[in-house]
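# Structural overview for review
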Amino acid sequence: MSIKAKLSFSISMIVAIILLLNIASSYMSSKVNQENTYERQMQAIAKQIVVTLETLEKNRNTMDIELGIKLRLAAMVAQEKLNPDIEQVTDAQLVALRDELGIDDLTLWQRINGEVISVKSSNPDELGLSSKSWDYWNTAFHQLFNLKKVDIKQGQTLQNFWTGPINYAVSDPTLINKWGYYYDGSTNYMINTIINTDKNFKYDLVNGTNDVIRKLINQQPALLEITGIDPQYFGTAPIIKMKKGVPVHNLDVRAIPFGTYTYKNTAEETAIVQEVVTTGQTITNSHSSNGKQVLRSFIPIIADKHYVISVAFDEQALHEPLKRQLFAHILISLVLVMITLISSYFIAGYMIRSLNQILITVNAIATGNFKATTVIHNNDELGLLATRINTMGANLNKYTTQLKDTANELQSTKQYLESFVNHTSDAIHVIDLQGRIIQVNNAFEAIYGWRRDEVIGHPLPTVPEEYRTAYEDLIHKVITGGSVTDHETTRFTKTGDSIEISITISAIRNEHDAIIAIASISRNITSRKQAEEMIRRSEKLSVVGQLAAGVAHEVRNPLTTLRGFVQHYQRTGSLSPVILDLMLSELDQINMIVSEFLVLAKPQAIRQDCLKINELVGDIVMLMDSEAKLYNVELVVRKLTDIPTIPGVASQLKQVFVNVIKNGLEAMEDGGELIIELKSFDDHEIIICFIDQGKGISEDDLKRIGEPFYSKKEGGNGLGVMICQQIIAIHLGSMHYYSKIGEGTCVEIRLPIPEKSICLPLEEKGVQ
């Protein structure tokens, strides 16, 4: 695709994205406005219904109060005119009194055997009725007969009087009546006055509220229905009672007191209604019913009781104006994008004419014609670009000449370096990061015997198997940023001979300072090692001579004593027990010197285990604690850091720790604390410090510590410290003494933590 087309397409895409964002913003704004409008409509509908309900319920309550007062007055008048004994009252008297009082019926009730029954009435259908199954009505009757105030929440209570809520008559389920009950104890019956309220009630509850709902639905085309919900009975089975064989749904137990509930989703909406009543918040949900997608909101209100007003809208009808608006915006945007695409195509063609001239010059420079130039007189970015390209061509012409000279110089340097590498007496080889050899010099072939073609592309063949792990550790050290210089080790030649070498390993890095290979320089030091071995043997002979002289000196003294006692025995023929004890003591001294000398001289077969130094020190402290108390010394262990596990020989290290602690105890004649500090230093070594509060060691004595048969202790021979130093050396550690006269002595033992060891967890060894 040409730049002209790309530029035109890019501009069109930018315009399209802007228009799309505008459409989305407009749509979201319209949707929010629509939702706000819908919310306001619901609130307005709810408020209007609340006002209607409050007005109608106020009228209804007023009517209930007036009817209740009227029924009580009628009952009191009837009591004055009737005989207090029901046996003296006839039904004809009740009919005449009913007409006189202007009520619809008059019935007398008695409580017989705990059951309240209508005994006489102006209406034959009212005779023989029992209130036993009438729920709270039966409770109210018994409270009246007991001359107690009726305390149920339904109906209206006055002195000695109770009137129930308006409802369908039991004697005639087609009638809606209002009943009043009066009993003050002066008669043996309860007076029941009845007024029919059918016409007034229908206008109050049904026609009044439903007329308002019909008007609201007619005003809102998208409004489907408005439903008044009684939360107490919504979602439960309707309470139907049989009255005169006719099933009657009482007015006070209806789930839908007013409005309609055609677009149902009862199972889900039952839970919603209870949540609305609990939280007092409006909840909206969407569902499909009767072929329409219904958007229904539930609004809690309080009139004479808790109601939930449900307003149902046709969701498709609500969104239809929004969809028409969205379609119009999309159509207009498509037209604008097409206009932008066409106009931008011609504008781009005009703008890139200068760019084509620049392209011709760039192509010429690309073919090696660095003297090609472009003449553009514009002062815009393209004019500046043309000037820069002309400058670039001139610079390329200049730098190309310089590069040719530099290339010749680099070639000469390369030849010099290759000559140096191939003619040096040290073996040089280079491996990649996978361990394969990529380059060797002539000295490598001469020292190790392998030709280039035999080792290039293969792992290094000179490393003995027992040194393989140590070699990998060296390579890992270099890769992680360390360095290896003059490391002495052993290697194989092609013929299988073992040679001693000194090796220096370094990393080869690229221009980004990343390691790309590893170079090793090795020097054959076999001859030097042989000379050093001869020197060491000579030194060993000298040391052995010194040790032999020391042993001879130490043994000669007790032998002289023994010889004298033997000569004494020859002369006298007997020895006293004291002399025998002295002879045994001298023999023990000789045995001890010889034993320690053998321990020092005999090579030790070492089988190392994984040791926890802190536990090892703890065991020794427990062992030495009783002896420390004899010296009035307290052993204190301080673990300053976490102590890792290391390989070693537990018995040998215990021997060292016991020797050091005993020396410390013997140095503390006045008692005190002997402190043992344990710490790990940089994860490379463990440091154990034994700090006593004794008399200290002079500088001259510090210099001679470890010499055989040099000791300041009475009966000491100096071999104990020497053996301890040898044990620590076998463990590749070190042992140092620090002391001041009068302040005490610190014995510092350092033990290395191997980078790879059987004591490390598998993941630390690199095992996958």
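Residues numbered from 1 in each chain as written. Predicted model: local features only at pLDDT ≥ 70, side-chain atom pairs only at ≥ 80, totals over all residues. Heavy atoms only, no water.

## Describing the packing of helix 14 (residues 613-630) against helix 15 (residues 650-667)
Note the cut-off: Working convention: axes come from line fits to C-alpha atoms, limited for helices to the stretch in contact. Angles between N-to-C directions cover 0 to 180 degrees. In this text, helices come from DSSP runs of H or I with a minimum length of four residues, and strands from runs of E with a minimum of two, each type numbered from the N-terminal end. Oblique is the label for any angle not covered by the other classes, which are roughly parallel (under 35 degrees), roughly antiparallel (over 145) and roughly perpendicular (65 to 115). Less than a right angle of anticlockwise turn of the near helix away from the far helix marks a crossing as left-handed, whereas a clockwise turn marks it as right-handed. Contacts are assigned to residue pairs with any non-hydrogen atoms lying within 4.5 Å of each other. Each residue receives one of three labels: charged for Asp, Glu, Lys and Arg, nonpolar for Ala, Val, Leu, Ile, Met, Phe, Trp, Tyr, Cys and Pro, and polar for the others, Gly being one of them.
Where helix 14 meets helix 15, the axes come as close as 10 Å, and the angle between the chain directions of the two elements is 40°. The orientation of helix 14 relative to helix 15 falls into the category oblique. Of the two possible hands of crossing, helix 14 and helix 15 adopt the one that is right-handed. Contacts from Ile613, Leu616, Val617, Ile620, Met624, Glu627 and Ala628 in helix 14 reach Ala650, Leu653, Lys654, Phe657, Val658, Ile661, Lys662 and Leu665 in helix 15. Its residues placed into classes, the contact of helix 14 with helix 15 shows twelve nonpolar, no polar and three charged.

## Topic: helix 14
This is how it is decided: In this scheme, a helix's expected span is set at 1.5 Å multiplied by one less than its residue total. Bend, at a single residue, is the angle you get between axes fitted to the 7 residues ending at that residue and the 7 residues starting at it. Only protein chains enter the area calculation, which uses a 1.4 Å probe; residues under 20% of their type maximum are buried, those over 50% are exposed, and those in between are partly exposed.
Between its terminal C-alpha atoms helix 14 stretches 26 Å, which fits the 26 Å expected from 18 residues at 1.5 Å a residue. Maximum bend of helix 14: about 45°, positioned at Met624. Considered for burial, the residues of helix 14 that qualify are Ile613, Leu616, Val617, Ile620, Val621, Met624 and Ala628.

## Quick word on the packing of aromatic side chains
Short version of the rule: Within 6.5 Å between ring centres, the rings of Phe, Tyr and Trp (the latter by its six-membered ring) count as paired, and their orientation is classed by plane angle as stacked under 30 degrees, edge-to-face over 60, tilted in between.
Inspection of the entire model under this criterion finds twelve aromatic pairs. Between the aromatic rings of Trp109 and Trp134, the centroid separation amounts to 5.7 Å while the plane-to-plane angle is 70°, which identifies the pairing as edge-to-face. Of this pair, Trp109 sits in strand 1 (residues 105-112) while Trp134 is found in the loop between strand 2 (115-121) and helix 3 (136-145), placing the two residues 25 residues apart along the sequence. Residues Trp109 and Trp134 agree in their burial class; the two are buried.

## Digging into the sheet that holds strand 25 (residues 734-740)
Rules: Note on pairing: DSSP must find at least two bridges between two strands before they are called paired.
Pairing in this open sheet of five strands is mixed, and the strands run 21-23-24-26-25 from one edge to the other. Among the strands making up the open sheet, the edge pair consists of strand 21 (633-639) and strand 25. With direction set aside, neighbouring strand axes in the sheet form an average angle of 15°. Where strand 23 (residues 672-681) meets strand 24 (residues 685-691), seven bridges bridge the pair, whose relative direction is antiparallel. When the sheet's bridge partners are listed, Lys679 is paired in strand 24 with Ile687. Those strands touched by helix 14 are strand 21, strand 23, strand 24 and strand 26 (744-752), and its axis lies near 170° from that of strand 21.

## Details of the pairing of strand 26
Each regular strand shows side chains that alternate between the opposite faces of the sheet. With seven of nine residues buried, strand 26 lies mostly within the body of the structure. Inspection of the sheet shows strand 24 paired to strand 26 by seven bridges, in the antiparallel sense. Counted as the bridge partner of Glu685 is Pro752 from strand 26. Adjacent in sequence and paired antiparallel, strand 25 and strand 26 are bridged by three residues, among which Gly742 carries a positive phi angle near 85°.

## What to know about unusual backbone geometry
In this model, Leu147 sits at a positive phi of 55°, which is unusual for a non-glycine residue. On the secondary structure map, Leu147 appears in the loop between helix 3 and strand 3 (156-158). A positive phi angle, close to 65°, is found at Asp513, a residue other than glycine. The residue Asp513 is located in the loop between strand 18 (498-509) and strand 19 (515-524) in this model.

## Description of the pattern of salt bridges
Threshold: Each reported salt bridge corresponds to a side-chain nitrogen of Lys or Arg within 4 Å of a carboxyl oxygen of Asp or Glu.
With the rule as written, the count across this model stands at 18 salt bridges. Between Arg451 and Glu454 there is a salt bridge, and its shortest N-O distance comes to 3.3 Å. Ionic pairing is found between Glu677 and Arg638, a salt bridge with its closest N-O pair at 3.9 Å. Of this pair, Glu677 sits in strand 23 while Arg638 is found in strand 21, placing the two residues 39 residues apart along the sequence. The class of Glu677 is buried, set by a relative accessible area of 17%. Classification of Arg638 by relative accessible area gives partly exposed; the value is 36%. Counted as one network, the salt bridges with shared partners bring together Arg451, Asp453, Glu454 and Lys494.

## Considering the nonpolar core
The line we're drawing: We define the nonpolar core as a collection of buried residues of types Ala, Val, Leu, Ile, Met, Phe, Trp, Tyr and Cys that are connected through side-chain atoms lying within 4.5 Å of one another.
Within the largest apolar cluster, 36 residues are counted, with the highest numbers of intra-cluster contacts made by Ile613, Phe657, Ile688, Phe690 and Ile749. For this core, the secondary-structure elements that each account for two or more residues are helix 14, strand 21, helix 15, strand 23, strand 24, helix 17 (719-730), strand 25 and strand 26. A per-element tally of this core places helix 14 first, with seven residues. Excluding anything up to four places from it in sequence, Phe657 contacts Leu616, Val617, Ile620, Ile688, Phe690 and Ile749. Met63, Leu67, Leu94 and Tyr182 belong to the second-largest nonpolar core, a separate cluster that totals 21 residues.

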